[in-house]
Amino acid sequence: MADRKPSPSLLVPVVALLLTLGAPAPVRAAEGPFSGYLMFFDYLDLTHPLSEAGFLAQPHPDAKELSTARGGLRLQLRAADELSSRLRYDATVNFDYDAAQDSRQPDGAQGDGVSVAFKEGYIGINRVLPLVDLRIGRQYVFWGRFEWGGVVDVVSPWDYGNMSAEKENFRLAVDAVRATVWLDPVTVELLYLPWFAPNRMPLDLPEQVGPLKVIQQPAAVPGLEVGCSEGGVRVTSELFGRAEVAASWFTGYNRSFWLSPRIIPDAVTGFPAALEFTPRYSRQHMAALDFEVDLGALVLLGEGAAFFTEDSDGRDVWKKNPSASTVLGLEWEPDSRFSLQGQVAYTRVLNWDRQYEYDERVSFGEPDPFIPSRDQYQFTWRAKVRVVSELYFQWLQLLNRHDPETWDMMMLGFFSWEPLEELKLYTGAIVFRGAENIGFGRLENQARYFLELRHYF
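These figures come from a predicted structure and were not determined experimentally.

### Some words on empty space enclosed by the protein
Working step 1: A complete count under the given rule lists two cavities of 30 Å³ or more for this structure.
Working step 2: The space that makes up the largest cavity amounts to roughly 70 Å³.
Working step 3: In terms of lining, the largest cavity is formed by Asn254, Ser256, Phe257, Trp258, Ser282, Arg283, Gln284, Thr309 and Lys320.
Working step 4: In terms of residue class, the lining of the largest cavity is made up of two nonpolar, five polar and two charged.
Working step 5: For the second largest cavity, the calculated volume is near 40 Å³.
Working step 6: Arg70, Tyr160, Gly161, Asn162, Met163, Ile430, Phe432, Gln446 and Arg448 together form the lining of the second largest cavity.

Structure representation (structure tokens):
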């Protein structure tokens, strides 16, 4: 089939529509338990222009000219209501049409490119026991103090292939039973996840590793058995009315995979002919402390966590080693027009022998594997500026340093504008940079310019 000539088709009519908008309309009062939005969106693949400009760290010879990576229409429907003082429910479903997934063939079906996603849905029961609230179903669980770059936020997975301005686009809800015990000023959260949910991210292995052909197998995801379930507890307490501290324990799986290799011998000679890789998920346990101190216009934040993994002695070069991580950050909001957040993270990899890791992977067939150092750092900063009434600009940057010479980064910048009370526009770009198979380098081909126009109802 011949390639279609790409065209950012949604951008022109959407921008033209915005230029014709008049004065804001009054807000309609909410009626009933139903709400949602209708969204037109277009995400343009920036890999080729960024590569041509020399910005990216890797070559991308197969990248197409500026084209739509995903674009079309989304209808989000939400039903939420309190049935009584003790019982409530909340459910959200997305209906998407993505032109990039449409076959666009003369004999194609009308449903081509259409998908349904059950985003969130739970039943909440207040005071199921004295001082205990219960929430059962698909829900978002965010632990820790930082939206980006934290170390305690290990429960709800990330969706790296759909990242954009709003959290709902790049985080995934988990199926969980969540009990909250209110012991003022202490709150205890008990969490049980019967089924594992991984991070979503593209996985494109190279065709060759040295002289060996690469065979990529489907991921070996933990099953639905009770023994594969996850759980945790988080205890939070207020201090002096201006501070909050929390202690967390979580036992489950790392949301990111590790690659399990296997050498495939030649049927005739018996010499290695190929490498087979299977993505797998390792058990890990996390013990953590975090805090937040409100100092008026300034907020001090911190997290610290120890991770205990399956590779306790550091001798398995494919699995993650145990580690200890800390993050310290500041949020400054001098007025309603400007806010700034900055944070620094440090990770110490335990039981780590860099030379041993390198030698083992070379002996397996990798020609020159990258092995990070024992001490690793991350710097994150985010700024939000109100340009004029109802028009905001936000900028986010994460920079990882794996050793003194190796780094990777992610940048996200966008405008959000509410020309009408029930209409919102997002436009901006997200860009990744890094060497192959290093941090954000795995996502270099996910750079996107995006435009979203939402009408809320």
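Once you've had a look at it, read on.
### Some remarks on the side chain of Glu189
Working step 1: Position of Glu189 relative to the elements: it lies in strand E7 (residues 186-193).
Working step 2: Residue classification places Glu189 among the buried residues on the basis of a relative accessible area of 11%.
Working step 3: Within the structure, Glu189 has its side chain in polar contact with the side chain of Trp143 (distance 3.2 Å).

### Quick look at the pattern of salt bridges
Working step 1: Under the definition given, this model contains 20 salt bridges.
Working step 2: Arg382 is the partner of Glu147 in a salt bridge, and the nearest nitrogen-oxygen pair spans 3.2 Å. Taken as a pair, Glu147 in the loop between strand E5 (132-139) and helix H3 (167-170) and Arg382 in strand E18 (residues 375-388) lie far apart in primary sequence, 235 residues in all.
Working step 3: For Glu147, a relative accessible area of 27% corresponds to the partly exposed category.
Working step 4: The partner of Arg178 in a salt bridge is Glu189, and the shortest N-O contact between them spans 2.9 Å. Here the residue Arg178 occupies a position in strand E6 (residues 174-183), and Glu189 occupies one in strand E7, the gap between them amounting to 11 residues. For the pair Arg178 and Glu189, one class covers both residues: buried.
Working step 5: By sharing partners, the salt bridges in this structure join Arg145, Arg234, Glu244, Asp290 and Glu292 into a single network.

### A look at the pairing of strand E16 (residues 323-335)
Working step 1: In this sheet, E16 lies alongside strand E15 (residues 298-309) in antiparallel orientation, the contact comprising 10 bridges. Pairing of Gly302 across the sheet is with Leu328, part of E16.
Working step 2: Judged from the 11 bridges that link them, E16 and strand E17 (residues 338-349) form a sheet pairing that is antiparallel. Residue pairing in the sheet places Ser325 in a bridge with Thr347 of E17.
Working step 3: With antiparallel pairing between neighbouring strands as the criterion, E16 and E17 make up a hairpin whose turn holds two residues.

### Let's talk about the layout of surface pockets
Working step 1: Taken as a whole, the second largest pocket spans an internal volume of roughly 860 Å³.
Working step 2: As for the second largest pocket, its lining consists of 35 residues, of which Ala117, Asp159, Asn162, Leu172 and Arg200 are closest to the centre.
Working step 3: Counting only elements with at least two residues in the lining of the second largest pocket, the list comes to strand E1 (34-45), strand E2 (67-82), strand E3 (87-98), strand E4 (114-129), H3 and E6.
Working step 4: Per-element accounting of the lining of the second largest pocket gives the leading share, six residues, to E4.

### A look at the sheet that holds strand E12 (residues 258-265)
Working step 1: Read from one edge of the open sheet, four strands run E8-E9-E13-E12, paired in mixed fashion. The outermost strands of the open sheet, each flanked by one partner alone, are strand E8 (208-209) and E12.
Working step 2: As judged from the eight bridges shared by E12 and strand E13 (residues 272-280), these two strands associate in the antiparallel manner. Paired with Pro261 across the strands is Phe277, a residue of E13.

### Some words on the nonpolar core
Working step 1: Of all hydrophobic cores here, the largest spans 21 residues; its most connected members are Trp148, Met163, Met410, Leu412, Phe432 and Phe450.
Working step 2: Those elements that place two or more of their residues in this core are E1, strand E19 (391-403), strand E20 (406-420) and strand E21 (423-433).
Working step 3: Ranked by residues supplied to this core, first place goes to E1 with four residues.
Working step 4: Judged by nonpolar contacts, the second largest core, of 20 residues, contains Val174, Ala176, Ala305 and Val327.

### Quick look at the pairing of E7
Working step 1: Note that E6 and E7 share seven bridges and pair antiparallel. Its bridge partner being in E7, Arg178 is matched across the sheet by Leu191.
Working step 2: Between E6 and E7, which pair antiparallel one after the other, the connecting turn spans two residues.
Working step 3: Sheet topology places E7 next to strand E10 (residues 230-239); eight bridges connect them, and they run antiparallel. Considered in E10, the bridge of Val188 is made with Val235.

The rules behind the values
Residues numbered from 1 in each chain as written. Predicted model: local features only at pLDDT ≥ 70, side-chain atom pairs only at ≥ 80, totals over all residues. Heavy atoms only, no water. 1 Å grid on protein atoms, 1.4 Å probe; cavity = no way out; pocket = protein on both sides within 12 Å on 5 of 7 lines; lining within 4 Å. Points joined across faces, edges and corners; volume = space filled by probe spheres on them. Nonpolar A, V, L, I, M, F, W, Y, C, P; charged D, E, K, R; others polar. Helix = DSSP H or I, 4+ residues; strand = E, 2+ residues; numbered from the N terminus. Buried < 20%, exposed > 50% of the residue type's maximum accessible area, 1.4 Å probe, protein only. Polar contact = N/O pair within 3.5 Å; in protein donor to acceptor, adjacent residues only side chain to side chain. Salt bridge = Lys/Arg side-chain N within 4 Å of Asp/Glu carboxyl O. Pairing = 2+ DSSP bridges. Core = buried A, V, L, I, M, F, W, Y, C linked by side-chain atoms within 4.5 Å.

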